[in-house]
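Residues per chain are reported as follows:
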Amino acid sequence: MSGDDALKAFQGYLDISPFQRWLGLKVEATEHGVLTIGFDWREEFISNPGTKSMHGGILASLIDLGGLYAVLTTKSVATATVDLRVDYHRPSTGGHLRSTSRVIKLGSKVSTAETEIIGEDGKLVASGRGVYLMA
């Protein structure tokens, strides 16, 4: 599958989910074992009106689904999240965010991927690791 075809295919996979469409996720790059997703900060993502910072659940969701879809770039099938770890490094308070997920272990029963979410300023906002049940 060519680069443009892969981007379109993975965008279609993301767009199947109403939640992921609501987030406004856009596949920016994909290769074997790696997926980069971008999205823009929106007011609906605020958890703390005082600081106008994004809810951590939005970031955790991006880490979870980014890792799962990174596994799918290997033409393997992951069916569910077994474990998820998220580290929040700084508040996200606006701009474009980009997550890059990489498969670090592709297994027959479970696979593991790591994700970093970078803010518009180039600083690490959150990172995490997901373990996924394989079909």
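Relevant structure appears above.
Everything quoted here is computed from the prediction, not taken from an experiment. (Residues numbered from 1 in each chain as written. Predicted model: local features only at pLDDT ≥ 70, side-chain atom pairs only at ≥ 80, totals over all residues. Heavy atoms only, no water.)

### A look at the packing of aromatic side chains
Under the defined criterion, the tally for this structure stands at 4 aromatic pairs. Plain terms: the ring middles of Phe 10 and Tyr 13 are 5.1 Å apart, the flat faces sit at 80° to each other, and that makes the pair edge-to-face. Taken together, the residues span about one helical turn, with Phe 10 and Tyr 13 both in helix H1 (residues 3-15) at a distance of 3 residues. Using a relative accessible area of 8% as the deciding quantity, one classes Phe 10 as buried. (Phe/Tyr/Trp six-rings, centres within 6.5 Å; stacked < 30°, edge-to-face > 60°. Helix = DSSP H or I, 4+ residues; strand = E, 2+ residues; numbered from the N terminus. Buried < 20%, exposed > 50% of the residue type's maximum accessible area, 1.4 Å probe, protein only.)

### Comments concerning the sheet that holds strand S6 (residues 96-105)
The antiparallel open sheet is built from 6 strands, whose spatial order is S1-S2-S6-S7-S8-S5. The sheet is open, and its two borders are formed by strand S1 (26-31) and strand S5 (78-88), each paired with just one other strand. Neighbour-to-neighbour, the strand axes of this sheet turn through a mean angle of 20°, independent of strand direction. Pairing analysis gives 7 bridges linking strand S2 (residues 34-40) to S6, with the strands arranged antiparallel. (Pairing = 2+ DSSP bridges. Axes fitted to C-alpha atoms, helices over the stretch in contact; angles between N-to-C directions.)

### Looking at H1
Taking 1.5 Å of rise per residue, the 13 residues of H1 would be expected to cover 18 Å, and the 18 Å separating its terminal C-alpha atoms lies within 8% of that figure. Of all the positions in H1, only Ala 6, Ala 9, Phe 10, Gln 11 and Leu 14 are classed as buried. Buried residues along H1 sit in contact with helix H2 (18-23), S1, S2 and helix H3 (56-72). (Expected span 1.5 Å × (residues − 1). Contact = heavy atoms within 4.5 Å.)

### Here's the deal with the pattern of salt bridges
Tallying each qualifying case throughout the model produces 4 salt bridges. With a closest N to O distance of 3.2 Å, Glu 44 and Arg 42 form a salt bridge. Across the pair Glu 114 and Arg 129 runs a salt bridge whose closest N-O atoms are separated by 2.3 Å. In this pair, Glu 114 is assigned in strand S7 (residues 110-118) and Arg 129 in strand S8 (residues 124-134), connecting sequence segments 15 residues apart. (Salt bridge = Lys/Arg side-chain N within 4 Å of Asp/Glu carboxyl O.)

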